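# Secondary and tertiary structure notes
Letter by letter, the chains look like this.
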Amino acid sequence: LPISGPIAWDTAIYIDGFPLPGGFAQSLRTVERPGGTAANTAIALATTGVVTGLACYLGNDERGRALRGVLENSAIAELAIANVDGPSSHVLVVIDERGDRTIFGLNESYLHLVSLTDVALRPTDIVCFPLWREHFLPSLHRAREAGCMTVLGIEALDDPQVPGADLVVGSAAGVHENFDLTVALERFPKIIVTEGAQGARMVSAAGSVLQPALAVEAVDTTGAGDCFLAGVLAAYATGRTDDTAAVAMGSRWAALSVTREGSVPPAWSEVPGAESLLG
């Protein structure tokens, strides 16, 4: 299951609230840690036993060396790392008193250098682009031509160049207000939108189904969406065809994630009832 996208070094700061424009906020604490949506999803998914690959980029800098070590010590089976003559991705993650996180990129992105050109693809593969960008189009075309199931981040809904994909997954914050998801079903037969404490909604030709969120105390929502996606991918990769069950698995994992500080998700084995859910 190849996953393509960013790995990043996160500088996470915890504050007791965002200030008004022109105001000031004091960091309660600052934490340096690995992150990045594609890497988070791949690291999490690999803990389920699903054979997982990751295509990403790293710079030849101290952060890049640290991130490479994280990947090599994970359960990811195959790495396709583009080495760039520039900095590794570095982001600022601001977590407020409710656990909500806001992300700021701090340097130039080289994500356009990441591709699946040299990655062997089989019809049984699921190819995932958790953060959709238009420069992934050649890789998407290649995956579709190979007969793979394709899963895209929610940004793909706004990209008219995307011919289609089997599934789109992402936060409601990633779509425009009042966006008509039923129109998007012409290209994407299944769309899963996460809505924070309200839960997750699966939209398809059969209608819309809401999976309520589990009631937990949120500490840090960083990586929750990556956990959710990993749970959905794990369900499909292990042959589970019940969409509702896939969404429930993702929701259970995300609920555990938000109760802990960190960007990289907890392992699947730590999810309550994990053994019976994935069996």
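Residues numbered from 1 in each chain as written. Predicted model: local features only at pLDDT ≥ 70, side-chain atom pairs only at ≥ 80, totals over all residues. Heavy atoms only, no water.

### Points about the overall build of the chain
When its secondary structure is counted, the chain shows seven helices and 13 strands. Its C-alpha atoms give the chain a radius of gyration of 18 Å, within 12% of the compact-globule value 19 Å for 279 residues. With respect to the principal axes defined by its C-alpha atoms, the chain has extents near 50 × 45 × 40 Å. For the chain, with 279 residues in total, the buried portion stands at 50%. (Helix = DSSP H or I, 4+ residues; strand = E, 2+ residues; numbered from the N terminus. Rg over C-alpha atoms; globule rule 2.2 N^0.38 Å. Buried < 20%, exposed > 50% of the residue type's maximum accessible area, 1.4 Å probe, protein only.)

### Re the packing of helix α1 (residues 37–46) against helix α5 (residues 224–237)
Remark: α1 packs on α5, axes separated minimally by 8 Å, with the N-to-C direction vectors making an angle of 45 degrees. Classed by the angle they form, the pair α1 and α5 counts as oblique. For the pair α1 and α5, the sense of crossing is right-handed. Contacts from T37, N40, T41, A44 and L45 of α1 reach α5 at D226, L229, A230, L233 and A234. (Axes fitted to C-alpha atoms, helices over the stretch in contact; angles between N-to-C directions. Parallel < 35°, antiparallel > 145°, perpendicular 65-115°, else oblique. Left-handed = near helix turned anticlockwise from the far one by under 90°. Contact = heavy atoms within 4.5 Å.)

### Notes on the confidence of the model for the chain
Per-residue pLDDT for the chain has a mean of 92; in total, 99% of the residues score no lower than 70. The lowest-confidence element of the chain is helix α7 (residues 274–278), averaging 74 in pLDDT; the highest-confidence one is strand β8 (residues 126–129), averaging 98. (pLDDT = per-residue confidence, 0-100.)

### Some words on the packing of aromatic side chains
Summed over the entire model, instances satisfying the criterion amount to five aromatic pairs. Geometrically, the ring pair formed by Y57 and Y110 is edge-to-face, given 5.9 Å between the ring centres and 70 degrees between the ring planes. Taken together, the positions of Y57 in strand β4 (residues 53–59) and Y110 in the loop between β7 (101–105) and β8 put the pair 53 residues apart, joining distant regions of the chain. For the pair Y57 and Y110, one class covers both residues: buried. Geometrically, the ring pair formed by F129 and W132 is edge-to-face, given 5.7 Å between the ring centres and 90 degrees between the ring planes. The two residues F129 and W132 agree in class, both being buried. Among the aromatic residues, those joined into a ring-pair cluster are F129, W132 and F136. Above the face of the Y14 ring, R29 is positioned so that its terminal group lies 4.2 Å from the ring centre. (Phe/Tyr/Trp six-rings, centres within 6.5 Å; stacked < 30°, edge-to-face > 60°. Lys NZ or Arg CZ within 6 Å of the ring centre and 35° of its normal.)

### Brief notes about the state of the cysteines
Enumeration over the complete set of coordinates arrives at zero disulfides. Unpaired in this structure, C56 has its nearest cysteine sulfur neighbour in C128, at a distance of 14 Å. Classification of C56 as buried rests on a relative accessible area of 1%. Of all cysteine sulfurs, the one in C148 lies closest to C128, which takes part in no disulfide; the gap is 12 Å. (Disulfide = S-S within 2.5 Å.)

### Comments concerning α1
Among the 10 residues that make up α1, nine are buried, leaving the element largely enclosed by the rest of the structure. By the burial criterion, the buried members of α1 are A38, A39, N40, T41, A42, I43, A44, L45 and A46. Each element contacted by the buried residues of α1 is listed here: β1 (2–4), β3 (29–35), β4, α2 (62–72), α5 and α6 (243–257).

### Comments concerning the pairing of strand β11 (residues 190–194)
Among the five residues of β11, four are classified as buried, and the element is accordingly described as predominantly covered. Pairing of strand β10 (residues 167–171) with β11 involves four bridges; the strand directions are parallel. Along β11, the bridge assignment pairs V169 with I192. Taken together, β11 and the strand that follows it, strand β12 (residues 200–204), pair antiparallel across an intervening segment of five residues, in which G196 is found at a positive phi of about 60 degrees. (Pairing = 2+ DSSP bridges.)

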